[in-house]
Amino acid sequence: MRVPVPVIRSDAHLAHDGLIEFLNGTPVPCFESPARAVAIERALAADPTFVFEEPTDHGLDPILALHDPGLVTTLAEAWDDALATGMTDGLRPLLPDAFLTAAYADGHPTSRPGRSHRLWSYAFDTATPLVGGTYHAARVAVDAALTAVDRVHAGAPLAYALCRPPGHHAGPAMYGGYCFFNNAAIAAQALVARGASRVVILDIDYHHGNGSQQLFYRRDDVLYLSLHADPERAYPYYSGTADERGAGAGEGLNRNWPLPERADGPRYLAALDEALTVARDFAPDAPLIISAGFDTFHADPIADLALQTDDYRAIGAAARDLGLATVVIQEGGYAIDALGANVISLLDGLRGA
Ligand code: Q9C
Ligand code: ZN
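The present account deals with the structure reproduced in this document.

How each quantity is defined
- Residues numbered from 1 in each chain as written.
- Chains lettered and ligands numbered in written order.
- Predicted model: local features only at pLDDT ≥ 70, side-chain atom pairs only at ≥ 80, totals over all residues.
- Heavy atoms only, no water.
- Helix = DSSP H or I, 4+ residues; strand = E, 2+ residues; numbered from the N terminus.
- Rg over C-alpha atoms; globule rule 2.2 N^0.38 Å.
- Buried < 20%, exposed > 50% of the residue type's maximum accessible area, 1.4 Å probe, protein only.
- Contact = heavy atoms within 4.5 Å.
- Lys, Arg positive; Asp, Glu negative; His and termini not counted.
- Charge placed at Lys NZ, Arg CZ, Asp CG, Glu CD.
- Near = heavy atom within 4 Å.
- Polar contact = N/O pair within 3.5 Å; in protein donor to acceptor, adjacent residues only side chain to side chain.
- Nonpolar A, V, L, I, M, F, W, Y, C, P; charged D, E, K, R; others polar.
- Salt bridge = Lys/Arg side-chain N within 4 Å of Asp/Glu carboxyl O.

### Focus on the overall build of the protein
Summing up its helical and strand segments, the protein has ten helices and ten strands in all. Computed over its C-alpha atoms, the radius of gyration of the protein comes to 19 Å, within 12% of the 20 Å expected for a compact globule of 353 residues. Structurally, the protein occupies a C-alpha span of about 55 × 45 × 40 Å along its principal axes. Per-residue burial over the protein gives 59% buried out of 353 residues. Counted over contacts in the protein with a minimum sequence separation of 6, partners at least 24 positions apart contribute 78%. In the protein, 24 side chains carry a positive charge and 44 a negative one; their mean positions are 3 Å apart.

Here it is, written out as structure tokens:
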């Protein structure tokens with residue numbers, strides 16, 4: 001049955017257009033482009049059971065519940081500061097050329113950089129350009145996730161937040177991987193704020209959600225489950241192995257399933273089955289949050305797994321078996337021509353269609 005699905009979307013993302021990122025030292029057009037969300041919307045618009053709604057403003061507090069205020073104000077001010085100092089001509093995006101790594105900070109004092117360069121102390125890669133529309137788009141993406149949570153609280157069994165920019169690489173005091181604020185984590189935190197004590201985030205993006213892992217690694221109220229390409233070969237390289245299982249109160253409540261190159265539907269669904277068993281054993285008392293990336297698709301230009309469009313329906317159907325209301329948060333996916341069909345396939349699986 002095709003129950004109506006609220007789709008929380010906004011045009012704010014259109015002004016977040018980074019133009020270029022660095023790929024192995026070479027500037028290339030951004031894979032994470034406005035065309036992605038436009039394509040998804042166009043596909044969903046053909047089916048009247050997808051009900052488009054605008055996000056509502058939830059303010060800064062839900063963001064500050066997880067992210068460092070320095071990250072938030074720096075992202076808010078970086079573009080105007082760069083314009084004022086001539087660091088950008090207003091056309092070129094802001095990309096870092098020096099990182100504040102743990103090794104740099106080790107054993108001596110570090111200086112507070114000038115306002116034009118402060119942004120870089122929060123960046124962890126050269127793939128995440130910031131332009132004039134970025135901060136507002138990132139704020140609205142969080143609002144989309146929180147509005148989807150509101151819809152589920154109001155009784156919808158399933159809601160989809162068409163977030164752009166995505167979020168799962170963003171950590172407490174760190175942005176990168178095309179992500180600025182962690183939309184899915186903020187949605188999970190909102191469920192906790194409403195009284196939940198056991199929330200599950202299921203991350204099916206191709207990449208490990210290092211930001212989500214970092215945010216909840218020591219917590220016992222959010223279980224983070226991630227299926228992704230093995231970091232031995234894939235971005236973000238520094239996290240995502242199976243032995244990263246949480247710590248302290250969160251011991252056992254972070255689980256990773258690193259996958260081999262060309263893993264296909266059956267291989268993926270076998271790992272998902274293990275993840276869903278862990279989810280069931282946790283006895284969640286809140287809606288399920290899915291960090292939904294579609295860069296696991298066989299034709300994705302920056303990835304190497306081998307899922308087909310129908311596999312997303314099977315993933316959705318398996319997750320539906322948890323019997324939880326579900327909030328789907330858009331993450332990655334760069335095979336633009338297939339993106340709409342893949343989103344619909346997942347949502348149809350989740351609604352039993
Ligand atoms: N050589 C998301 O899918 N570039 N972010 C990788 C590989 C960054 C992906 C470069 C990929 C970020 C949300
Ligand atoms: Zn991804």
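Let us keep going from here.
### Re the site of ligand 1
The environment of ligand 1 is formed by 15 residues, the closest being His169, Gly177, His207, Asp295 and Tyr334. Between ligand 1 and the protein, one listed contact pairs a nitrogen atom with a side-chain N or O atom of Tyr237 at 3.4 Å. Asp295 places a polar side-chain atom, nitrogen or oxygen, 3.0 Å from an oxygen atom of ligand 1. Residue classes in the shell around ligand 1 are distributed as seven nonpolar, six polar and two charged.

### With respect to the pattern of salt bridges
Inspection of the entire model under this criterion finds 16 salt bridges. Here Arg151 and Glu53 are joined by a salt bridge, their closest N and O atoms 2.4 Å apart. Of this pair, Arg151 sits in helix 5 (residues 134–153) while Glu53 sits in strand 4 (residues 50–53), and the two are 98 residues apart along the sequence. The exposure class assigned to Arg151 is partly exposed, which follows from its relative accessible area of 25%. Between Asp221 and Arg219 there is a salt bridge, and its shortest N-O distance comes to 3.0 Å. With relative accessibility at 22%, the residue Arg219 sits in the partly exposed group. Salt bridges linked by common partners bring Arg2, Asp47, Arg313, Asp348 and Arg351 together as one network.

These figures come from the coordinates and say nothing about function on their own.
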